[in-house]
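Structural features, examined
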Amino acid sequence: MLCVAAGNALADPIVIRIGYPGLGVDNRPFAYGGIASVAHAERYIEKEFENDPDIKVEWTLFRGAGPAVNEAFASGQLDFSAGLGDLPAIVHRSNGIKTKWLAQSDVHTPIFLAVRKGVGINGIDDLVGRKIAQFRGTNLQLAADRVLAAHGLTEKNVKFVNLDFAGAFAAILSGNIDGAFGGVEVLELKRRGIIEIPYDTKNDKPEFSRAAGLYVTEEFEAKHPELVQRVVNAYIRAARWGADEANREALYEVYAKSGIPTESFREYFSGQRLADRLNPLIDDFVVERYRDQTRRALDYGLLRKPVEIESWIDRRYLERALAEQHLETYWPRSRADGTKLTEAASSADGKAQQR
């Protein structure tokens, strides 16, 4: 893991410890995708506390993604996690780690099936008996499982190999595996002609997408509710900037600090409004997706016990931040089935650009 710290060092300051599940290319200290990455790269939370010398903000970016964040939560090393995927968040809740769910970081995040060129995989149905990489324990796992289920398949039909993204791509290049499920990371390899992408979820059912959120430990929230509010306030400012269509190219440049080219983010977000993806709201669609994830994780034996979703959510900080910044209607809200309940004021920023 790699630490990035900000703030003025004083004797016994209050340290706000934030974990993010991922690193950039070649261990660059920047993440990519979602609100959390904007908040981190552009130092929104650090700026919120820049006039408070007794408060320090410390980010830790974890190579081991969601499972590593959960280990840090369990050992008392974190106060917040920003960008933690839906499955690992549900797992830590099931394991008794006491957190409050404050907001979303990513919604409708697509997944891609990347395969070696010429391997003969033209879609999900062709995965039977194939050796495919999957980053287990992340929000990618159950998203891929939902796609398999829609095609009448399960994990038993595929020879899954547990590899992180870097390991998966190395294995594809060496010919040791046939393909991998991934995210924006695969798009540069496609552009270079190394892989093909026979399937992605962007134009499929909304429930096939991934999600990630912002969480705080119950202990920190009980001790410092005023600091939690200020963190959420800053987080919503980052969300508002990132969801503005006028900032689309600038957003790609922020994400490109991770080492992934801007061209990949243009394709990653093409045909989608930024306010649909960088949406902090925990609406009916998000709640139902987490309920479904809980059911599936239980079926796969990934949880110790069921997770009750509504009691986990604490919307007070989000609602106050939205009200104070006059953003109550900025983002769209969706019904449980993914259809829009409300459109968003952000539509005035412009329509999604086909780039």
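The structure this text deals with has already been given above.
Remember, predicted model here, so these are calculated numbers, not experimental data.

Helix 3 (residues 65–74) sits mainly inside the fold: seven of its ten residues count as buried. By the burial criterion, the buried members of helix 3 are Ala65, Gly66, Ala68, Val69, Asn70, Ala72 and Phe73. Tucked into the core, helix 3 has its buried residues touching strand 2 (14–20), strand 4 (80–85), helix 4 (86–94), strand 5 (99–109) and strand 11 (210–217). Where helix 3 terminates, the next one or two residues include Gly76, which has phi positive at roughly 75°.

A few words on the pattern of salt bridges. Using the criterion set out here, one finds 26 salt bridges in the structure. Of the charged contacts, one joins Arg316 and Glu221 as a salt bridge, the two residues approaching to 3.1 Å between their closest N and O atoms. Taken together, the residues Arg316 in helix 14 (residues 316–324) and Glu221 in helix 8 (residues 218–223) connect sequence positions 95 residues apart. With relative accessibility at 7%, the residue Glu221 sits in the buried group. Taking the shortest distance from any N to any O, the salt bridge between Glu245 and Arg248 comes out at 2.8 Å. Note on accessibility: Glu245 and Arg248 belong to one class, buried. What you see here is one network of salt bridges that share partners, running through Glu288, Arg291, Asp292, Arg295 and Arg296.

Bringing the packing of aromatic side chains into the picture now. Summed over all chains, the structure comprises 16 aromatic pairs. Measuring from ring centre to ring centre gives 4.2 Å for Trp101 and Tyr290, while their planes differ by 35°; the resulting arrangement is tilted. Residue Trp101 is located in strand 5, and its partner Tyr290 is located in helix 13 (residues 284–299); the two are separated by 189 residues in the primary sequence. Accessibility expressed as a relative area gives 0% for Trp101, which makes it buried.

What counts and what doesn't
Residues numbered from 1 in each chain as written. Predicted model: local features only at pLDDT ≥ 70, side-chain atom pairs only at ≥ 80, totals over all residues. Heavy atoms only, no water. Buried < 20%, exposed > 50% of the residue type's maximum accessible area, 1.4 Å probe, protein only. Helix = DSSP H or I, 4+ residues; strand = E, 2+ residues; numbered from the N terminus. Contact = heavy atoms within 4.5 Å. Salt bridge = Lys/Arg side-chain N within 4 Å of Asp/Glu carboxyl O. Phe/Tyr/Trp six-rings, centres within 6.5 Å; stacked < 30°, edge-to-face > 60°.

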